[in-house]
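Listed below are the residues making up each chain.
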Amino acid sequence: MAEPAHLFDLSGKVACVTGASAGLGHRAARALALAGAQVIGVARRAEPLAELVEELGGQVAAAVVADVAERDAIPDLVESISAPFGAPDILVHAAGINTREAADDVTPKGWDQTLALNLSTPFFLSQALVPAMKEKGWGRIVNFASLQTTRAFPGGIAYGATKGGVAQLTRAMAEAWSPHGITANAIGPGFFPTELTQAVFDDADRAARNAAQTCMGRNGTLADIDGPVLFLCSDASSYVTGQVLMVDGGFTAK
């Protein structure tokens, strides 16, 4: 066990972050790198990933351009992820999609696309990377839940179903893999200014209503995600597994 001052030190660790091209994924990758980890950012868009690598430096960060929802490509993806710095010790699943289709308008394509990226990918990519974590006897998996893990929002039936599933997936991962030194937890963000929530923040009245719903009276900033990510990815959370940590300013407490 590390000394208290070093509990959040990730020196010598390798972290993989999906959805690292923007929003909370980008912020998580940055936080992990600044804590000492070597980081592999994975996303579909090459240019933002290249900017991330430039920002953090090539000795610290690498990029893999891929669609993580393509399940048949996961073996090749694992090789690409492991090539720059070795197999990851830390896996953060920040990639996600919200089609915002009303229940009566949900299409099979939108449903399948949402489940594939938000729920199936975190399991199958984790399953593929867990063997290397088992060999080391240490690993951290962080899924992304949501306010819709426990709340129903308009136009969120497919998204909410996946995020409810993420909570149970996280518990099941913990049951399966924590005996091998691998913790599995989830972060449940409130309203943060990201591409996924742009429509919310573009509506000033709606953003203000969301802020008023929290105990703190404000929406999240990207900096608010740093501490929770570092906590769940480090030795600071060595006896925490199977949990959903709501980072929502108390939205779900009211």
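The structure presented is a predicted model; accordingly, all values stated were derived computationally and were not measured.

Draft legend 1. Molecular detail of the side chain of asparagine 185. Within the fold, asparagine 185 resides in strand S6 (residues 182-189). Here the side chain of asparagine 185 touches glycine 242 through a polar contact of 3.2 Å, landing on its backbone nitrogen. With near-sequence residues (within four places) excluded, asparagine 185 lies in contact with Ile141, Val142, Asn143, Thr170, Leu232, Val240, Thr241, Gly242 and Gln243.

Draft legend 2. Fine view of the layout of surface pockets. The computed volume of the largest pocket comes to approximately 1100 Å³. Taken together, 45 residues form the lining of the largest pocket, with Ala94, Ala95, Gly96, Ile97 and Leu196 sitting closest to its centre. Contributions of two or more residues to the lining of the largest pocket are made by helix H1 (23-34), strand S2 (38-43), helix H4 (108-136) and helix H5 (157-177).

Draft legend 3. Quick peek at the environment of leucine 91. Position of leucine 91 relative to the elements: it lies in strand S4 (residues 90-93). Judged by relative accessible area, which is 0%, leucine 91 ranks as buried. Separated by 52 residues in the primary sequence, leucine 91 and valine 39 have C-alpha atoms spaced 9.8 Å apart.

Draft legend 4. Geometry of the sheet that holds strand S5 (residues 139-144). Here we have seven strands laid out as an open sheet, ordered S3-S2-S1-S4-S5-S6-S7, and parallel in their pairing. What marks the edges here is a single partner per strand, and that holds for strand S3 (61-65) and strand S7 (244-247). With direction set aside, neighbouring strand axes in the sheet form an average angle of 20 degrees. Note: strand S1 (residues 14-18) against S4, four bridges, orientation parallel. Residue pairing for S4: alanine 15 is matched across the bridge by isoleucine 90.

Draft legend 5. Structural detail: the packing of H1 against helix H2 (residues 46-56). Viewed as axis vectors pointing N to C, H1 and H2 meet at an angle of 20 degrees, and their least axial separation amounts to 11 Å. Relative to H2, H1 is oriented roughly parallel. In terms of crossing hand, the pair formed by H1 and H2 is right-handed. Across from His26, Ala29, Arg30 and Ala33 in H1, the residues of H2 making contact are Leu52, Glu55 and Leu56. Residues belonging to the contact of H1 with H2 are distributed by class as follows: four nonpolar, one polar and two charged.

What counts, and at which threshold
Residues numbered from 1 in each chain as written. Predicted model: local features only at pLDDT ≥ 70, side-chain atom pairs only at ≥ 80, totals over all residues. Heavy atoms only, no water. Helix = DSSP H or I, 4+ residues; strand = E, 2+ residues; numbered from the N terminus. Polar contact = N/O pair within 3.5 Å; in protein donor to acceptor, adjacent residues only side chain to side chain. Contact = heavy atoms within 4.5 Å. 1 Å grid on protein atoms, 1.4 Å probe; cavity = no way out; pocket = protein on both sides within 12 Å on 5 of 7 lines; lining within 4 Å. Points joined across faces, edges and corners; volume = space filled by probe spheres on them. Buried < 20%, exposed > 50% of the residue type's maximum accessible area, 1.4 Å probe, protein only. Pairing = 2+ DSSP bridges. Axes fitted to C-alpha atoms, helices over the stretch in contact; angles between N-to-C directions. Parallel < 35°, antiparallel > 145°, perpendicular 65-115°, else oblique. Left-handed = near helix turned anticlockwise from the far one by under 90°. Nonpolar A, V, L, I, M, F, W, Y, C, P; charged D, E, K, R; others polar.

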